[in-house]
Amino acid sequence: ITSDSRNPSHSKRPNMRQLGSSQVELHVLNTTSSAASLDGQPQVAEKPVEAVEEELRSLKAGQVLAANYVWAEMRRDRRAYSIGLFTVFLVIMFVALLHNNVLKAPVVFFRLSEESVGETDLVLTPGQSSGSGQNVALIVSDAGPGGLPVLNHTHLNVSLDAGGREVSAVVTGATSRLLLIAKVQNPATAGNADAPEATVIVLGIDSLQEKFVDIGREWPFGELAADECILSRSVVRQIGMDPATSIGLQVSLVINFLDIASTLNLVTLEPDGSLSAAETKRLVQLFAPGTTDTWDDPITLDVTDAILDGTANANASNVNISVIRDTLREFFNSTLLDDQLDNNNVTDDDLRDALQQLIDDGIVTINGTSLVFNETIGSLATQQLAPLLTNAQIEGDFTLHGTVETPDGKWASSLGSVLVLEQSVVFKLARDGLLDALDAINNTDSALLNLEGVDFGVLGDLGLAQSVIDDLESAANNSGLDAIDTAETRDFVEGMRMQDYVLMSIVQYRDRFAAYFADLEGMDTHMIKFTDTVSEAVGVDYPATFTTPLADALTQTIFIRYFLDNIFGAVVALIIMLGVLLIYSLLLNDVESKTYEYGMLRALGMKQRTLIQILGTKSMAFAVPGIGLGLLFAFLFSIPIEQRIAGFANVATSYSFFVEPIIVAVILGLVMPLASNILPIRRALSRTLRDSLDVYHHVVSDVTVSVQRLANLGVDVWQTALAVLLVVVGFITYYVIPYSFQFKKFGLFLAILNAILLGMLLGLCILAMYLQPSMEKLMLWAMLWGDHKRLGVVIRKNLSGHRTRNRKTAQMFTICLAFIIFAGVMFTLQSRSLTDNVRVFVGADIMVTAPKTDDFLDEDEMSAFLDQEIRRRASGDPTAVVLGYTFITYHIYKNDYVRRAHIANLPRFPEFRNFIYGVQENYLDVTYDQFYIPTETDSDVSYPKTSEGDDDAIKVLFTDRGNAKLPEELNGIRIPDLITSGRFWWLQDTKEEQRAAVESAYRDYVDVIISEALRDYASVDLSTPLNMEIQEYQPQSGFIYYRYYMCKARAMVSKVPGFFFSSYQQTASIAPILIREDSYYRILTSAYKQAGVTPPPKAPKQRLLIKTAPGATQGQREDVINGLRTFFKSDATLALDTNALVTSTKTAVDLLNLFFQVVGLVAMVMCFFILWLSFSANVSENAWEFGVLRAIGLDSTQVTLVYVFEALCVCLASVVLGSAVGILVAISLTLQMQLFLENKFVFLFPHFLFWSMVAASIFVAVLASYLPARNFISKTISNVLRRQ
């Protein structure tokens, strides 16, 4: 300590004159003492060993003194110590508990993902072999049909076992599953014509093996008997049974053979579910190899005796009718002779005429000595075999062992309605179906020879005489038809081992919890290790497709986890800030209240170093027990939370604490009090003995001390802090942010954005302090009415005199309120954006989608079902919930005969592909039209309005079709002059024909709705004529033909529910184009005709969107979905219930709401303490003024109101300023989110949380000001004036 003279030769202990000087400086030097040499360079002075030992003894003695002093003070003033201890305890407990639970948050997402995709780590399905590139199965058996698209699970198990410890350390085990499509009926109503039935997925599981590999942790059922099943409750209700009383009852299962064959990819069914001739041949070839070699040979009948001249004259007059009269009599029965053919009334000439008619129609050809029927062995077999296979069914009754509402991770929820059987039972059903099919194929010979009912086209029903049957048998034998022999295949099927032929193999990861609870990089590392181990074990040629459904599902939740991490960081920052302010206020009040005491100690010889030790020891007295108690209670409170999380995720309960929260809590508990000590130490050291011993001292007369390091260098603290801040900001901007994008560290990027927002919030709160005095006066003016106005002068003087102390309280309240509003809006916005994104993606309450074009939706059947539901609701049936529906086509070039589709301006520059969809007129009536955002519509057209009041551009495509006028067409369509001359080999039309084509193009255009992204990227708008290019593919020649359509935009949009529209031009290359369904079909028909293929009767539909009643329950929506499942063509067709998806997040949203309530409560508790400390100090310091006020006539109530009104002014002013700051930052956040999501601007204010905080603030202000003033109310005026 030196005086202003800065004399380097000062004594170790300052005298009274030095202590009483007006300016005192404390020089904090380096670890060694320094002295100035003659040349000004610092020299290091070595201390003797005795001096060092003396210094250590002095430090030890000072620390002992500080400990004894603090212990005595703790016993004397328990309130102050309790507040400090409680503050550290509360901060440590809350931060440690919060941090530990955030680290366990992946458990929640892990379970939610399991419930969505199932508890399966690695799924193997038949796929391409990486070695051969062939989509074949690896068959180990010696016999059997080649090319079955199944997996050999036995080979998989053998390969994994052969891997030894290296594989067993990674792999828990493997199991297999079988899936079939079937129908379920209630046996009690099976005989009724209108008996309800449901389409289900039959899931064959190995219960014991799945229990061993830990699939279905919440599955309550054990191994099923051969006649038992588990059924989804929605199906039980659909077939007219009560789930509560149905256990033990029978259900009927019906499986069609063609469904089995289709599931096994053995055949591809026609759109109506029938079997084509080509697919019939494929089945016969599969099960009876070599028997289809003569499949295309014609059927001939040797009629040598019937031909007179033996020549190949295709003329019925040369045929001896009398020889084949009996044949023709039966052969042409009722078809050509109108049921008049018999021996009595039909002449030879009649028969000759009939035969000639057959020859003329191309049904029969006379070839030499044979009648050649223009039917082949294959077509005849198809007519017999296809109906048999189509109608082949496997039926069985099963006892209902149990019902399930949700799969709970046993299987993927996307499977929908499921009937569970043991895998051995399902395999037996599938094998029986194959054997029945073999019987049908094997019996084709006898079916052929008994031709009753065979359809020969124009011949109709056919009945042959025995002689003709003999001749046809001979012809069939000569044609090789009797070569169909399935005996070998039957032997193979009967001897099949179940595990050799499965549709799905599942392999489980041993260290799965560590993998799924890790971050994204850690999970990827685990999955790479896992899949590499399995792939190396089974071999690179194993023909399977590897998928990791659970890891993929968790990847989709990574941004939610980032969001929670940011919330945790922001909350911890707030709690730390409040804790530091509270402990700082506590220590500062202690210093100010004990100024006289510290002065006397210093007068008695206490060193200032010892005073620093006292204050440091006092802060550690808060910290050490606070840390211990905080961690203890954090652990105790974590026990029920851990039990709840473990019960929800159905994992083993672990009560251990993560190490990271403990380390953070200990560091925080030690650093927070030490950081709070800096200013109180400066205040204590700034007291002169004269001021310290003055019992009537005032803070304004304090002498401050400058704490500097290397002061001789002239380093300014604020300049240094600003420089460091600028360097940090520059480094983050130019390195960390690009680094986060380059290496996909999105968590780091979001943390930076969150830190920027918090910095903006803190900066605005600091700026708001300049408005605090004016706002306090405004609040005082608003509160004082009647007689209380007389207190205004006193209250204003108190506000001015207590400005410094009240500023900390105001800052704390302002920051707390601003953060609560900001965080509440951020959370509400994030949770809202999650649900909104789901609704925008799905588009409506229910979506049915068929990803594969071969499985396109059955529009007629589904429409009939939904129309019936709509009629039921119109008739008043409360169980009917369908309000409307609409279909959407596939995008145009997903069809086989369209390769590309482009739309651009007339010059077609720039040109890029587009996804063109056909929609129906009622699209926006069915979908969530609140997410429909048109950016430009035609002001000259009267648009229908959506429920949100926007222009319905999709309806205009239908109601105003063909009426769009471009600016250049306002005075009539002007056809441009042709610039071609002459004739070219590729352009054979004349000029007039060309002109007619151009005129047709201008008038017969296509109305389209385009994305706002195309405006700048493609230089188009509603006034721009558009050129659509369709590339039509002809598979026979491999040529691509280009066809052009003129288009006119009826609207530009930035968002449409169910489609990915955007206003950013970066998305122009994937922007959807919406056209009418009939325009889509016209374009599609042209492509089909160019390919020489008959177009379908309607445009194939990919998606079905359904609008349900607002009050529809999940069960009612499931009934609608189950009714539609009857018309699904494969298990690849999915049905999504939007409300169910949104409801699944409700638990998480409610928990986060509770979390913010707890954060607000903790913040209010700290605000209460700091306000209490502040007003306790105010009342204590102004005790003499308190007595004077009472002496001049104010009663105790009025004096108390002075302090209450003062507290309310400070609190309410902070509420207003904090709310303004919070709302401003929240609006900035909302605008940022709206910029990314492109939704309509909606400010979601957390009303309940805000008003709860305001009410708590007022309560805290009144209570914290009343309690300190109450101590003086009971005292006499004289005692108050004497401070007794």
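The structure under discussion appears in the preceding block.
Residues numbered from 1 in each chain as written. Predicted model: local features only at pLDDT ≥ 70, side-chain atom pairs only at ≥ 80, totals over all residues. Heavy atoms only, no water.

The helix and strand tally for the protein stands at 43 helices and 27 strands. Taking all 1284 residues of the protein together, 49% fall into the buried category. Across the protein, every contact between residues at least 6 apart in sequence was considered, and the portion connecting residues at least 24 apart equals 79%. (Helix = DSSP H or I, 4+ residues; strand = E, 2+ residues; numbered from the N terminus. Buried < 20%, exposed > 50% of the residue type's maximum accessible area, 1.4 Å probe, protein only. Contact = heavy atoms within 4.5 Å.)

Glancing now at unusual backbone geometry. Residues Phe-909 and Pro-910 are joined by a peptide bond in cis, for which omega reads -5°. Counting through the fold element by element, Pro-910 comes out in the loop between strand S19 (898-905) and strand S20 (915-919). Not every positive phi belongs to a glycine, and Asp-214 is a case in point at roughly 70°. Within the secondary structure layout, Asp-214 lies in the loop between helix H7 (207-212) and strand S7 (228-232). Phi is positive for Ser-1019, which is not a glycine, with a value near 55°. Of note, Ser-1019 is situated in the loop between helix H35 (1014-1017) and strand S23 (1025-1034).

Bringing the pairing of strand S26 (residues 1101-1108) into the picture now. Regular strands have side chains that alternate between both faces of the sheet. Counting buried positions along S26 yields 7 of 8 residues, so the element is predominantly enclosed. As paired elements, strand S17 (residues 846-849) and S26 share 4 bridges and run antiparallel to each other. For Val-848, the partnering residue across the bridge sits in S26 and is Leu-1104. Alignment of strand S18 (residues 882-889) against S26, held across 7 bridges, turns out to be antiparallel. Bridge pairing links Tyr-885 to Ile-1106 in S26. (Pairing = 2+ DSSP bridges.)

Here the focus is a nonpolar patch on the surface. On the surface, a nonpolar cluster with roughly 640 Å² of combined accessible area is contributed by Val-624, Val-659, Ile-662, Ile-663, Val-666, Ile-667, Leu-670 and Val-671. When residues of the nonpolar patch are assigned to their parent elements, the largest contribution, 7 residues, is made by helix H24 (residues 659-686). Judged by relative accessible area, Val-659 falls into the exposed class, the value being 56%. (Patch = residues over 30% accessible without salt bridge, like charges linked within 9 Å, V, L, I, M, F, W, Y side chains within 5 Å. Areas by Shrake-Rupley, 256 points an atom, 1.4 Å probe, with all protein chains shown as cover. Salt bridge = Lys/Arg side-chain N within 4 Å of Asp/Glu carboxyl O.)

So, on to the pattern of salt bridges. Note on pairing: side chains with opposite charge can pair once their charged atoms come close. Throughout the structure, instances matching the rule amount to 35 salt bridges. Arg-177 is paired through a salt bridge with Glu-210; the nearest N and O atoms lie 2.8 Å apart. A residue pair is termed long-range when its members are at least 10 positions apart, and Arg-177 in strand S5 (residues 171-185) and Glu-210 in helix H7 qualify at 33 residues. This pair shows no difference in class: Arg-177 is buried, exactly as Glu-210 is.

Another aspect to go through is the nonpolar core. Of all hydrophobic cores here, the largest spans 188 residues; its most connected members are Leu-253, Leu-421 and Val-507. Setting aside residues no more than four positions away along its own chain, Val-507 makes contact with Asp-121, Leu-122, Leu-124, Leu-156, Leu-160, Val-171, Gly-173, Ala-174, Phe-530 and Val-534. In terms of nonpolar packing, the next biggest core, distinct from the first, is built from 82 residues, Ile-888, Tyr-1045, Ala-1087 and Ala-1135 among them. (Core = buried A, V, L, I, M, F, W, Y, C linked by side-chain atoms within 4.5 Å.)

Attention now moves to the environment of Ser-232. Position of Ser-232 among the secondary structure elements: in strand S7. Each C-alpha atom of the pair Ser-232 and Thr-406 lies 7.5 Å from the other, and the pair is 174 residues apart in sequence.

The element strand S6 (residues 197-205) is largely enclosed, with a buried count of 8 among its 9 residues. As paired elements, S5 and S6 share 8 bridges and run antiparallel to each other. Of the residues in S6, the one forming a bridge with Lys-183 is Thr-199. Strand direction decides the pairing type here: S6 and strand S13 (residues 418-422), joined by 5 bridges, are parallel. The residue of S13 that forms the bridge with Ile-205 is Glu-422.

It is worth spelling out the packing of aromatic side chains at this point. Evaluated as defined, the whole model comprises 24 aromatic pairs. Ring geometry for Tyr-928 against Phe-931: centres 6.5 Å apart, planes inclined by 85°, an arrangement best described as edge-to-face. Accessibility classification places Tyr-928 together with Phe-931 in one group, the buried group. A cation over an aromatic ring shows up here: Arg-839 above the ring of Tyr-928, its NZ or CZ 5.9 Å from the ring centre. Across the ring face of Tyr-1033, the terminal group of Arg-899 is positioned such that the distance to the ring centre comes to 3.8 Å. (Phe/Tyr/Trp six-rings, centres within 6.5 Å; stacked < 30°, edge-to-face > 60°. Lys NZ or Arg CZ within 6 Å of the ring centre and 35° of its normal.)

What follows is about helix H30 (residues 803-842). With 40 residues, H30 extends 57 Å from end C-alpha to end C-alpha; this agrees with the ideal 58 Å at 1.5 Å per step. Taken across its 40 residues, H30 has 28 buried, putting it largely inside the fold. One or two steps after H30, the chain reaches Gly-843, where phi turns positive at roughly 100°. (Expected span 1.5 Å × (residues − 1).)

Bringing the packing of helix H28 (residues 772-783) against helix H41 (residues 1196-1237) into the picture now. It is at 8 Å that the axes of H28 and H41 come closest, and there the two elements cross at 120°. The orientation of H28 with respect to H41, classified from their angle, is oblique. Note that H28 runs across H41; the crossing there is right-handed. Touching Gln-772, Met-775, Glu-776, Met-779, Leu-780 and Met-783 of H28 are Phe-1205, Leu-1208, Cys-1209, Val-1210, Leu-1212, Ala-1213, Ser-1214, Val-1216 and Leu-1217, all from H41. (Axes fitted to C-alpha atoms, helices over the stretch in contact; angles between N-to-C directions. Parallel < 35°, antiparallel > 145°, perpendicular 65-115°, else oblique. Left-handed = near helix turned anticlockwise from the far one by under 90°.)

Here Ser-1011 lies in strand S22 (residues 1006-1011). Discounting chain neighbours no more than four positions away, the residues touching Ser-1011 are Met-1052, Val-1053, Phe-1061, Ser-1062, Ala-1071 and Pro-1072.

The terminal C-alpha atoms of H41 lie 59 Å apart, and with 42 residues this matches the ideal 62 Å at 1.5 Å per residue to within 8%. Downstream of H41 by a residue or two, Glu-1238 has a phi angle that is positive, lying close to 60°.

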